[in-house]
Amino acid sequence: MTGLFFFLFIAVSLGITYVAARRTRSAEHFYTAGGKVTGLQNGLALAGDYMSAASFLGIAGLVALSGFDGLIYSIGFLVGWPVVMFLIAEPLRNLGKYTFADVVAFRLRQAPVRVAAAVGSLAVVAFYLIAQMVGAGNLIRLLFGFQYEVAVIIVGVVMLGYVLFGGMMATTWVQVVKAVLLLSGAFLLAVMALSRFGFSPLALFRAASDRYGAAVLAPGRLVSNPLDAISLGLALMLGTAGLPHILMRFYTVPDAKTARTSVSYATAFIGFFYLLTFILGFGAMVLVGQPEIRAIDAGGNMAAPLLAKAVGGDAFLGFISAVAFATILAVVAGLTLAGAATLSHDLWVNVVRHAAASDAEQLRVARGSTILLGVLAIVLGIVFKGQNVAYMVGLAFAIAASANFPALVLSMFWRKFTTRAAQMSMLVGTASSLILIYLSPTIQVDVLKNSTAWFPLRNPGLISIPLSFAVAIVVSSLWPEAEAEARFAEVEHRVHAVPAPRRN
């Protein structure tokens, strides 16, 4: 029964990929599904892209092991969406074509901006991939007894099949199916867990307090340093608007109004889901137990599947695990597609080939980039075995907020922003966040097993995000660019204009 749900989902998704592959004949279809996705479909796909292994497995695990503090990730992941809705969605759709670098480079010199944007985007994709692959390896190991490394390879190979042949069309529909499964599965699991406590969340929280002490209902167990909490909150809130695989989804819809509508749907779906993860975490804490959760995975990532087994037996474990597997595959596919777009569209087409590549050439390079990123995902998943997936995604958000968000916002809304400023802002944001992550307790203590760390905060956002903005402002002031300033009028016009629908 456990394997049946897995193979059923794989069969359905392969069917979707087959249908999508017959329609994927151009770079535009590969990257954006031809721009014909509806608001509801894109809202579900956005939610599917965003509700990753970090959301379902990681946050539930953090709550199960740390209590109330796990909520900081739920809130942080959610509050980034108003920023996307009111600041990013429509201008991004009106100005770009395939990637967020299209927007940043719109009125600036193409090559230096796209190279810098590619560095930041690939760093974000890499850290995000770590979380998904770690979750996948632990999940398949739990269910089928495979070695962790073998499980990670299986996920990488299946994901490559989706993206290589189906492109964005297949990825979108896999995301939609996954979002529906995840929302219904998490809701059913939460209801079954609450049924053990008279359907009362308060009774569940009291049971957790009675078993593990009142501290599980108070802040401070996961993030005890106030500066760390602020740094994490900034990264989660602003990082959403800098995630390449999320920004790429706004090019799959026909116009800016549909882009905004899809964000409204996504926000509603995601908000509902994050309320459920809190119930799942406390349910696992009480009904499974922290020692049992840690025995399976030190990072707590298997809390939700173990809760499913506790309340519904092996059959329900199989269903929830299949949902989690669908979650991981869909998000890895979206991330890989975003990374492939960066390598092929931003670097190869616009930097190496100076926008002279044929459509067939773009498609070949995109698929080659997909294979390269698939191998990278497998390697990273093996190297970072044992890390909590929500925590790793928090670091990806910090890089996105530092490397991509400042340049994206300033390019759209600040007249004096220049090519050199965009380049330096993205490179400094990427480098500072990566260096601080390496010097932080995350790497120095947790991975390298040193007794102390050079940088005290676990998340670098508090330092790297303001630094990226400051570099952009200072460089723009010291080295103005008349041509970039002159073209700002065109940006303003495009941001507020209603573009004609795409023709295919």
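This text gives an overview of the structure that appears in the document. The numbering scheme is per chain: residues are counted from 1 as the chain's sequence reads. Given that the model is predicted, a residue must reach a pLDDT of at least 70 before its local features are reported, and side-chain atom pairs must reach 80 or more before they are shown or counted; all residues, however, enter totals for whole chains, interfaces and linings. To obtain the side-chain values, all non-hydrogen atoms of the structure were included, while hydrogens and water were left out.

1. Points about the packing of helix α3 (residues 39-50) against helix α12 (residues 256-287)
Stated formally: With axes taken as lines fitted to C-alpha atoms, and helix axes fitted only over the stretch in contact, angles between N-to-C directions fall between 0 and 180 degrees. Elements are defined by DSSP. Helices are runs of H or I of four residues or more, strands are runs of E of two residues or more, and each kind is numbered from the N terminus. Note that the term roughly parallel is reserved for angles under 35 degrees, roughly antiparallel for angles over 145, roughly perpendicular for angles of 65 to 115, and oblique for everything else. Less than a right angle of anticlockwise turn of the near helix away from the far helix marks a crossing as left-handed, whereas a clockwise turn marks it as right-handed. Here, two residues are considered to be in contact whenever any of their heavy atoms come within 4.5 Å of each other.
In the contact formed by α3 and α12, the axes pass within 7 Å of each other and the chain directions differ by 45 degrees. Taken together, the axis directions place α3 and α12 in an arrangement best described as oblique. Crossing angle aside, the handedness with which α3 passes α12 is right-handed. Note on element contacts: α12 touches α3 through Thr258, Ser262, Val263, Tyr265, Ala266, Phe269, Ile270 and Tyr274, opposite Gly39, Leu40, Asn42, Gly43, Leu44, Leu46, Ala47 and Tyr50.

2. Thoughts on the packing of aromatic side chains
Selection rule: Ring geometry is summarised as follows: Phe, Tyr and Trp rings, the Trp one being its six-membered ring, pair when their centres sit within 6.5 Å, and such pairs are stacked at plane angles under 30 degrees, edge-to-face over 60 and tilted between the two. When a residue's accessible area, from a 1.4 Å probe over protein chains only, is under 20% of the maximum for its type it is buried; when over 50% it is exposed; and in between it is partly exposed. Whether a charge lies above a ring is judged from NZ of Lys or CZ of Arg, which has to be within 6 Å of the ring centre and within 35 degrees of the ring normal.
In total, this model carries 16 aromatic pairs according to the counting rule given. An angle of 15 degrees between the planes, with centres 6.4 Å apart, marks the rings of Tyr265 and Phe269 as stacked. Note that Tyr265 and Phe269 are positioned in helix α12 at a spacing of four residues, about one turn of the helix. Here Phe273 and Tyr274 contribute two aromatic rings whose centre-to-centre distance is 5.7 Å and whose plane-to-plane angle is 55 degrees, an arrangement assigned as tilted. When its relative accessible area of 0% is taken as the criterion, Phe273 is described as buried. For Arg487, the ring lying beneath its charged end belongs to Phe106, and the centroid distance is 5.4 Å.

3. Here's the deal with the pattern of salt bridges
Stated precisely, the cut-off is as follows: By salt bridge we mean one thing: a side-chain nitrogen of Lys or Arg within 4 Å of a carboxyl oxygen of Asp or Glu.
Applying the stated rule across the entire model yields ten salt bridges. Close ionic contact of Glu481 with Arg109 constitutes a salt bridge, the shortest N to O distance being 3.6 Å. Of the two residues, Glu481 is situated in the loop between α20 (461-478) and α21 (482-486) and Arg109 in the loop between α6 (100-104) and α7 (110-144); the sequence distance between them amounts to 372 residues. Take Glu481: its relative accessible area is 15%, and that puts it in the buried class. When the shortest N-O distance is used, the salt bridge between Arg415 and Glu492 registers 3.7 Å. Placement of Arg415 in the loop between α17 (405-413) and α18 (419-439) and of Glu492 in helix α22 (residues 488-496) is noted, with a sequence separation of 77 residues between them. The partly exposed category is assigned to Glu492, whose relative accessible area is 35%.

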